[in-house]
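# Secondary and tertiary structure notes
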Amino acid sequence: MASMRDIQRRKTSIQSTGQITKAMKLVSTVKLQKAKTKAEHTKPYSDAMYATISEMLSRSSNIDHPYLKKGSSNKKAVIVITSNRGLAGGYNTNITKLLTNGAIPKEQLQVYAIGRKGKDILARRGYEIAADYSDVINEPIYQDAREIGKKVLDAFTKNEIGEIYLAYTSFKNTVSHEPKLIKLLPIEIEKKEQERQIPMNYEPEEEEVLDAIIPKYVCSLIYGGLIEAVASENGARMQAMDSATSNAEEMLADLSLKYNRARQSSITQELTEIIAGAEAIN
Amino acid sequence: MAELFQLQIISPNRIFYDGQVSMVEMNTGEGQIGVYARHLPVTTTLEPGIVKIHEEGSVREAAVHAGFAVILQDKVTLMAEVAEWPEEIDINRAEEARIRAERRLSTNEPNLDVARAELALRRSLTRIELSKHR
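Quick caveat: nothing in here was measured; it's all calculated off a predicted structure. (Residues numbered from 1 in each chain as written. Chains lettered and ligands numbered in written order. Predicted model: local features only at pLDDT ≥ 70, side-chain atom pairs only at ≥ 80, totals over all residues.)

Before going further, it helps to examine the overall build of chain B. For chain B, the count of helices and strands is 2 helices and 8 strands. Listing the helices and strands of chain B from first to last along the sequence gives β-β-β-β-β-β-β-β-α-α. The principal-axis extents of the C-alpha atoms in chain B amount to approximately 50 × 30 × 25 Å. Sorting the 134 residues of chain B into buried and exposed places 34% on the buried side. (Helix = DSSP H or I, 4+ residues; strand = E, 2+ residues; numbered from the N terminus. Buried ≥ 20, exposed ≤ 12 C-beta atoms within 10 Å, placed from the backbone.)

Residues and elements named next belong to chain A. Relative orientation of the contacting elements helix H4 (residues 142-157) and helix H5 (residues 206-281) amounts to 125 degrees, with a least axis distance of 8 Å. Comparing their axes, H5 and H4 come out oblique. Note on packing geometry: the crossing formed by H4 with H5 is right-handed. For the pair H4 and H5, the contacting residues are Tyr142, Ala145, Arg146, Ile148, Gly149 and Leu153 in the first and Pro215, Val218, Cys219, Ile222, Tyr223 and Leu226 in the second. Residues of the contact of H4 with H5, tallied by class, amount to 10 nonpolar, 1 polar and 1 charged. (Axes fitted to C-alpha atoms, helices over the stretch in contact; angles between N-to-C directions. Parallel < 35°, antiparallel > 145°, perpendicular 65-115°, else oblique. Left-handed = near helix turned anticlockwise from the far one by under 90°. Contact = placed C-beta atoms within 7 Å. Nonpolar A, V, L, I, M, F, W, Y, C, P; charged D, E, K, R; others polar.)

Take the domain arrangement of chain B next. Residue and element names in this part refer to chain B. The assigned domain composition of chain B is domain 1 (5-84) and domain 2 (90-132). With centres defined by C-alpha atoms, the gap from domain 1 to domain 2 works out at 24 Å. Taken together, the contact pairs 6 residues of domain 1 with 7 residues of domain 2. Contributions of two or more residues to the side of domain 1 that touches domain 2 are made by strand S6 (49-55) and strand S7 (58-71). (Domains from an automatic or database assignment.)

The biggest cluster of nonpolar side chains holds 88 residues, and the ones touching the most others in it are Val78(A), Ile79(A), Val80(A), Ala167(A), Ile222(A), Leu226(A) and Leu78(B). If you tally residues by element for this core, the top one is H5(A), at 19 residues. Here Leu226(A) is in contact with Ile81(A), Ile114(A), Ile137(A), Pro140(A) and Ala145(A), once residues within four sequence places are set aside. (Core = buried A, V, L, I, M, F, W, Y, C linked by C-beta atoms within 7 Å.)

It is worth spelling out the interface of chain B and chain A at this point. In this complex, chain B contributes 20 residues to the contact, which on the side of chain A involves 21 residues. Of all elements in the fold, only strand S1 (5-11), strand S2 (14-21), strand S5 (42-46), S7 and strand S8 (75-84) of chain B reach the threshold of two or more residues within the side of chain B that touches chain A. Broken down by element, the residue count for the side of chain B that touches chain A peaks at 4 residues, all from S5(B). Here the side of chain B that touches chain A is built from residues that sort into 9 nonpolar, 8 polar and 3 charged.

Right, let's get into the packing of helix H1 (residues 91-106) of chain B against helix H2 (residues 114-132) of chain B. Residues and elements named next belong to chain B. With their axes 8 Å apart at the nearest point, H1 and H2 run at an angle of 150 degrees to one another. As summarised for this structure, H1 and H2 are arranged roughly antiparallel, according to the angle between their axes. Considering how the two elements wind past one another, H1 and H2 form a crossing that is left-handed. Here H1 contributes Ile91, Ala94, Glu95, Ala97, Arg98, Ala101, Glu102, Arg104 and Leu105 to the contact with H2, which in turn contributes Ala117, Glu118, Ala120, Leu121, Ser124, Leu125, Arg127, Ile128 and Ser131.

Attention shifts here to the sheet that holds strand S4 (residues 163-173) of chain A. Residues and elements named next belong to chain A. Spatially, 5 strands are ordered S3-S2-S1-S4-S5 in an open sheet, and the strand pairing comes out mixed. If you trace the sheet from one side to the other, it starts and ends with strand S3 (128-132) and strand S5 (176-185), each paired once. Each strand axis lies, on average, 25 degrees off the axis of its neighbour in the sheet, ignoring direction. By the bridge criterion, 5 bridges tie strand S1 (residues 76-81) to S4 in an arrangement that is parallel. Paired with Val78 across the two strands is Tyr165, which belongs to S4. Where helix H2 (residues 91-100) meets the sheet, it contacts S1, strand S2 (109-114), S4 and S5, and its direction lies at approximately 145 degrees from that of S4. (Pairing = 2+ DSSP bridges.)

Residues and elements named next belong to chain B. Between the first and last C-alpha of H2 there are 27 Å, a value that for 19 residues agrees with the 27 Å anticipated at 1.5 Å per step. All of the buried residues along H2 are Ala120, Arg123, Ser124, Thr126, Arg127 and Leu130. Each buried residue of H2 lies within a common arc of 155 degrees when the element is viewed along its axis, so the set occupies one face. Opposite the packed face of H2, turned more than 90 degrees from it, sit the exposed residues Val114, Ala115 and Lys132. Elements that come into contact with the buried residues of H2 comprise S6, S7 and H1. (Expected span 1.5 Å × (residues − 1). Arc of directions from axis to C-beta.)

Shown next, in the form of structure tokens:
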């Protein structure tokens, strides 16, 4: 049986760890609230953007546009959004698993990393890191999404890559986040049954409008992904820290019990020794 | 009184404007246009410029830079990458941006991104003009 001092030492160490995880939980709760409001404000834009694009494409079925066709290059770019900091449970590994267990062979992948953790994991596994934008995840603004979007679109038009994907954690609510891998380009939108048939006009020409709008669509998806990822990251960290704190409490309760038993048995032993000693003198 | 229709201006960070209006004026890639209710459905690109929102009895103005507009018969949606009310504009910053852009355009650097500098200039000019209307 461990000595009283050993148990006490263990207790102190778990106690201080518990304090840290508790503080981290509080911090990420506050951050989550902030990120959540931001994500809610971003949603209308992404939704409206998606609705517009799908409506445009379903109305005009026979458009021939480079952004709608797969490039001839077999390289595939993936924008991977993870976090810069750890201690967020399975948040980062869930994202990288999308790629490592995914259907796309490693040789064809080019990673545009946003978030140091994901970048490190993928680099260690031998994935090609084309670019690293890890700084933006701390406080993503629309400008960042535009820059990243421009970079991948340039590579797409130059035919260095044939397809563009986005891997991020979608934020459903505080407790449920889902890692997602979506295809940005070429755009694939399921043909819906057309409810209304008002022909849409384009000014200037259809092709030029698509030229202007599709990059914005890609950027808005990237931006939405960034914002949701930040919310999910803090949600994941909050959960991880919450369970860490309750684990620490459980261990402390267990150790307290052990400590008290050890204390009691040492007192009992001392008493027995004293009584035995007293009897020996008599 | 003219017929009202719904106008939404959505920027990445917020729903900038959502309300019933009688007319909206905007600066498209093809020039200035004004839209009333029951307009022909049109999708068009937006250039940096001032959007005039004619509400019932009043006119509000906002700066909108880059984006596109989807005009339907009963609804107009402006998807703006940046949208600002006059009171949100920092006039000093806009002036600085204008001077910077003008300087960049007047140099004869060979690898100057003219389109980008011009766009920056137009953005700053829009902001300056709008803040004068305050």
